Amino acid sequence: MPPASTKAAATNASADTRLSPGAPGYRRTSLALFAAGLAAFALLYSTQALLPAISAEFGATASDASWTVSAATGALALCVLPLSALSERFGRRAMMTASLTVAVAVALLVPLAPNLESLIALRALQGAALAGLPASAMAYLAEEVRPKALIAAIGLFVAGNSIGGMSGRIVTGWVAQMWGWRAGLAAVGLTSLLCAVAFRALLPKARHFTPGTLNPRALVSSVRTHLSDPLLVRLYVIGALFMTVFGAVYTVIGYRLVEAPFSLPQGVIGSIFLVYLVGTVASAAAGKLVGRLGRRGALYLAVSTTAAGLLLSLSDSLAAVLAGLVLITAGFFAGHAVASSSVSRTAKTARAQASALYQSAYYLGSSAGGTLGAIAFHAGGWAGTVLIGLVAVLGVVSVTLYGSHSARVAARRPQLAATCN
């Protein structure tokens, strides 16, 4: 006869009505959120591969055109925390549906923008709408999927993010080469519409969501608690600085490759974003790196890889530039994986708000990197953009070194106290 503890565990498992692999709704949920992630990140960065063409049509500098990316990521950064709070009241499914609906509706208007100013305004609205998706999706999965199946479900959502971000840039690049940048944006808008319809049709109704009350004081209190934690603040800064490098490089790289000595066509430039696949491997390897080198050791390796890639990209050889992009991408994704996973482990309470704050810092870094990288490119060419990246890398090193110093000081305090007593 099995022991009572085994019987209790079996009873609890059978009583758990959340989704698991093999259950009717699990595959639908996974596919729905994969479609949502694909649409969201295809839309968020849809103009990034098209910036040279947008500059050419509107007679805009790289720094001006870069705001079509920075406005979207900046608006997302500012809205992710309040919209994640609204999802606590109105439901994850409702928030995700509303976010995708508005973002896709704006996407169908974006190709019709008559000037750069209206294009930037529409992109900002699109980014604000998309802010309701990431945190709500993670919360929905945590509530509706059994813990043992949660990592796989989240992994598929993140895969949708990565593939969407990559494929959106590639599709816009090749379509724009044949029919212009407006057609490229229209193609992404229509594809995202299909993804949004699939999302709504596939996603099961939430069965484990309990509506809460909107409590601004509690939200402010949790945010204040997280921002008073030195380790969390360092992780937010590290995430923002890594994304500053990434945003600067990938916002400006199209301008460099369209000019001599490379003179690449728009479709080929869009295909450069296939390098993102390296990020998938680097993210998966981050856990092993932390196991072998520790969190700080993994960050130092990520920083070194990123810096090496920046310096290599200064070459006028296309092969060297591509190799540099591979290193930058690998270093960024590894560093981002280490920092973001550390946030969840560090936060003791209100983990959703802790993650939302990281996302805000992350996308603010993307917005700042895109704008600063483009300004630097306008002033000093690619070397100026690389300088921005190296300054951000130095910032990561400084923050990590300060964290190491703080940890050593904290470790010595009990020893000093014991000695004095």
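Note that the structure is predicted; figures quoted are calculated from it, not measured.

Criteria and thresholds
- Residues numbered from 1 in each chain as written.
- Predicted model: local features only at pLDDT ≥ 70, side-chain atom pairs only at ≥ 80, totals over all residues.
- Heavy atoms only, no water.
- Helix = DSSP H or I, 4+ residues; strand = E, 2+ residues; numbered from the N terminus.
- Expected span 1.5 Å × (residues − 1).
- Bend = angle between axes of the 7 residues up to and from the residue.
- Salt bridge = Lys/Arg side-chain N within 4 Å of Asp/Glu carboxyl O.
- Buried < 20%, exposed > 50% of the residue type's maximum accessible area, 1.4 Å probe, protein only.
- Phe/Tyr/Trp six-rings, centres within 6.5 Å; stacked < 30°, edge-to-face > 60°.
- Lys NZ or Arg CZ within 6 Å of the ring centre and 35° of its normal.

## Structural notes on helix H5 (residues 67-90)
Since the α-helix turns once every 3.6 residues, residues separated by three or four places project in the same direction.
Next up, step 1: For H5, built from 24 residues, the straight-helix expectation of 34 Å at 1.5 Å per residue is met to within 8% by its first-to-last C-alpha distance of 32 Å.
Next up, step 2: Along H5, the helix axis deviates most sharply at Val 80, where the bend reaches about 45 degrees; the proline Pro 82 sits within four residues downstream.
Next up, step 3: In the stretch just after H5, Gly 91 is the one whose phi turns positive, near 105 degrees.

## Remarks on the pattern of salt bridges
Next up, step 1: Inspection of the entire model under this criterion finds 3 salt bridges.
Next up, step 2: Salt-bridge contacts for Arg 92 lead to Glu 143; the nearest nitrogen and oxygen are separated by 2.6 Å. Of this pair, Arg 92 sits in helix H6 (residues 92-109) while Glu 143 sits in helix H8 (residues 134-144), and the two are 51 residues apart along the sequence. For the pair Arg 92 and Glu 143, one class covers both residues: buried.

## Observations concerning the packing of aromatic side chains
Next up, step 1: Going through the model one piece at a time under the given rule, you end up with 14 aromatic pairs.
Next up, step 2: The interplanar angle of 80 degrees and the centroid separation of 5.7 Å between the aromatic rings of Phe 246 and Phe 333 together place this pair among those described as edge-to-face. Of the two residues, Phe 246 sits in helix H12 (residues 230-258) while Phe 333 sits in helix H15 (residues 318-346), which places them 87 residues apart along the sequence.
Next up, step 3: Overall, the relative accessible area of 5% leaves Phe 246 in the buried class.
Next up, step 4: According to the relative accessible area criterion, Phe 333 is buried, its value standing at 13%.
Next up, step 5: Ring geometry for Phe 332 versus Phe 333: centroids 5.0 Å apart, planes at 70 degrees, classification edge-to-face.
Next up, step 6: A cation over an aromatic ring shows up here: Arg 89 above the ring of Phe 90, its NZ or CZ 5.4 Å from the ring centre.

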